[in-house]
Amino acid sequence: MINSKRNKKELLQALESIFKRCGERAAGYDRDNSFFHEDFEELKQAGYLLMTVPQEFGGYGMSLAESCDVTRKLAYHAAPTAVALNMHVYWTGLVSDLWRQGDKSMEWLLEEAGAGKVFAAGHGESGNDTPVLYSTTKTERVEGGYVFTGHKMFGSLSPVWDFFGFHGQDNSDPENPLVVHAFMPRDTEGFEIKNTWDDVLGMRATRSDDTILNGVFIPDKYIVRVVPTGFAGIDAFVLGIFCWALLGFGNVYFAIAQRAFDMVVAQVNRKKSISLHRPSMAYLGGIQHDVAEMVLELEAIGPHLDTIAREWSEGKDYGNAWGVKIMATKCHAVEGAWRIVDKAMDIMGGYGISPRSGFERLFRDARLGKIHPGNSYLTREVLAKGMLGLDLDYQPR
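This text gives an overview of the structure that appears in the document.

Rules of the game
Residues numbered from 1 in each chain as written. Predicted model: local features only at pLDDT ≥ 70, side-chain atom pairs only at ≥ 80, totals over all residues. Heavy atoms only, no water. Helix = DSSP H or I, 4+ residues; strand = E, 2+ residues; numbered from the N terminus. Rg over C-alpha atoms; globule rule 2.2 N^0.38 Å. Buried < 20%, exposed > 50% of the residue type's maximum accessible area, 1.4 Å probe, protein only. Areas by Shrake-Rupley, 256 points an atom, 1.4 Å probe, with all protein chains shown as cover. Lys, Arg positive; Asp, Glu negative; His and termini not counted. Charge placed at Lys NZ, Arg CZ, Asp CG, Glu CD. Salt bridge = Lys/Arg side-chain N within 4 Å of Asp/Glu carboxyl O. Expected span 1.5 Å × (residues − 1). Contact = heavy atoms within 4.5 Å. Polar contact = N/O pair within 3.5 Å; in protein donor to acceptor, adjacent residues only side chain to side chain. Axes fitted to C-alpha atoms, helices over the stretch in contact; angles between N-to-C directions. Parallel < 35°, antiparallel > 145°, perpendicular 65-115°, else oblique. Left-handed = near helix turned anticlockwise from the far one by under 90°. Nonpolar A, V, L, I, M, F, W, Y, C, P; charged D, E, K, R; others polar.

Focus on the overall build of the protein
Along the protein, the regular secondary structure elements total 10 helices and 8 strands. Here the C-alpha radius of gyration of the protein, 21 Å, is about what a compact globule of 397 residues would show, namely 21 Å. The C-alpha extent of the protein, read off along each of the three principal axes, is 80 × 50 × 40 Å. When burial is assessed residue by residue, the protein has 55% of its 397 residues classed as buried. Accessible surface for the protein amounts to roughly 17,200 Å². Of this, 53% is attributable to carbon and sulfur atoms. Charge centroids of the protein, computed over 42 positive and 51 negative side chains, lie 7 Å from each other.

Details of the pattern of salt bridges
Counted under the stated rule, the structure contains 25 salt bridges. Measuring nitrogen to oxygen at the nearest pair gives 3.1 Å for the salt bridge that ties Asp32 to Arg31. For Arg31, a relative accessible area of 59% puts it in the exposed group. The closest approach of N and O atoms between Glu297 and Arg339, which form a salt bridge, is 2.5 Å. Of the two residues, Glu297 sits in helix H7 (residues 285-313) while Arg339 sits in helix H8 (residues 322-348), which places them 42 residues apart along the sequence. Within the structure, one salt-bridge network assembled from shared partners comprises Arg21, Arg25, Asp39 and Glu42.

Here we look at helix H3 (residues 64-77)
Between its terminal C-alpha atoms H3 stretches 20 Å, which fits the 20 Å expected from 14 residues at 1.5 Å a residue. Buried residues of H3: Leu64, Ser67, Cys68, Val70, Thr71, Arg72, Leu74 and Ala75, and no others. The inward-facing, buried residues of H3 abut helix H1 (8-32), helix H2 (37-46), helix H4 (79-100), helix H6 (236-268) and H7.

Looking at the side chain of Asn33
Along the polypeptide, Asn33 turns up in the loop between H1 and H2. A distance of 2.6 Å separates the side chain of Asn33 from the backbone nitrogen of Asp199, its partner in a polar contact. Those residues in contact with Asn33 that sit more than four places away from it in its chain are Trp197, Asp198, Asp199, Val200, Arg204 and Arg207.

Brief notes about unusual backbone geometry
A cis amide bond links Pro373 with the next residue in sequence, Gly374, at an omega value of -10 degrees. Tracing the sequence through the fold places Gly374 in the loop between helix H9 (359-367) and helix H10 (376-388). Going from Gln395 to Pro396, the amide bond is cis rather than trans, its omega being -5 degrees. Of note, Phe154 is a non-glycine position whose phi angle comes to about 60 degrees, a positive value. Phe154 sits in the partly exposed class, given a relative accessible area of 46%.

Concerning the packing of H4 against helix H5 (residues 107-114)
Viewed as axis vectors pointing N to C, H4 and H5 meet at an angle of 130 degrees, and their least axial separation amounts to 9 Å. Between H4 and H5, the interaxial angle falls into the category oblique. Relative to H5, the crossing made by H4 is left-handed. Within the contact between the two elements, H4 uses Trp91, Thr92, Val95, Ser96 and Trp99 and H5 uses Glu107, Leu109, Leu110 and Ala113. Residues of the contact of H4 with H5, tallied by class, amount to 6 nonpolar, 2 polar and 1 charged.

Printed below as a string of structure tokens:
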């Protein structure tokens with residue numbers, strides 16, 4: 001039974017000790033390429049998966065700003081656990097925003113989430129650098145719903161999801177292709193999960209295995225949006241996907257950088273050299289310079305993430321500029337985080353590449369931030385075209 005009887009303050013207090021236990025298990029999950037089952041069960045029972053569900057549906061009603069703070073705290077101890085659960089959190093968060101704004105069309109999702117159901121995301125595809133806006137998954141309209149055929153990648157939460165949120169593309173009218181957003185219940189026939197996640201570089205505990213859709217039928221009940229392809233199809237639902245997902249990702253990778261920084265500061269103060277007649281390597285000017293560079297990055301990333309999450313939560317009206325704001329923030333966070341972790345590896349030296357250090361796992365996890373949607377190439381394209389007033393859907397790109 002999920003504990004939803006705590007108030008928000010009590011939940012946050014309970015999560016503090018759970019996060020630490022998640023951190024103690026992280027290395028084992030990584031070593032064994034195993035899903036974070038113990039973390040998942042403990043966090044679910046505590047109410048973590050209910051944090052953005054409105055109180056009317058049994059949740060805690062947290063805003064984007066509040067949930068990003070919680071995500072960051074979990075990621076400091078167990079980043080793969082946090083990034084995988086962000087898939088569930090961003091569905092419940094964006095639908096809660098829409099519900100509070102008067103769009104009740106997905107109220108069923110909040111009811112299911114309040115009852116303990118888990119939501120995953122299926123937007124990653126090979127050969128598609130603009131996920132959500134286009135799709136290599138083909139879909140066609142049939143009586144009572146849509147049929148989907150395609151291959152989804154990076155299916156975090158594969159072992160435990162109850163509903164798989166994904167999209168496909170309807171090309172029946174070649175002049176006006178459509179993106180169809182849907183949710184697939186676990187008991188749906190015609191899909192398979194393919195084990196593809198063993199020994200990947202990082203974020204191993206997410207078990208982001210592939211999902212194969214073999215003519216899957218999704219009834220109209222679970223078709224949540226049909227919109228034009230490309231940037232023209234960005235409505236409040238699609239924009240919400242980008243905002244909740246990308247800011248969640250940004251906070252995960254920022255937390256990795258915070259953890260790496262704390263580890264390297266502790267290590268360098270113990271690190272000595274036979275040729276250095278000083279108490280530790282912390283007295284070396286080069287190391288001091290790199291530590292200062294890391295601090296400059298950290299001091300910029302945190303406020304950037306916090307500001308954009310707060311402004312979204314407060315309903316700030318940036319209009320079409322929201323896309324630029326969201327993508328710039330995520331990119332700044334993950335690229336800055338990688339620079340921090342990379343410098344930290346320089347300071348850690350040979351000890352840092354050993355699994356026993358605990359640092360090499362953070363290093364591997366941190367590298368995935370730059371390819372996590374939206375990747376660095378697409379981000380720069382959107383930022384430049386958006387600020388130059390160019391048509392983002394103009395072809396050829």
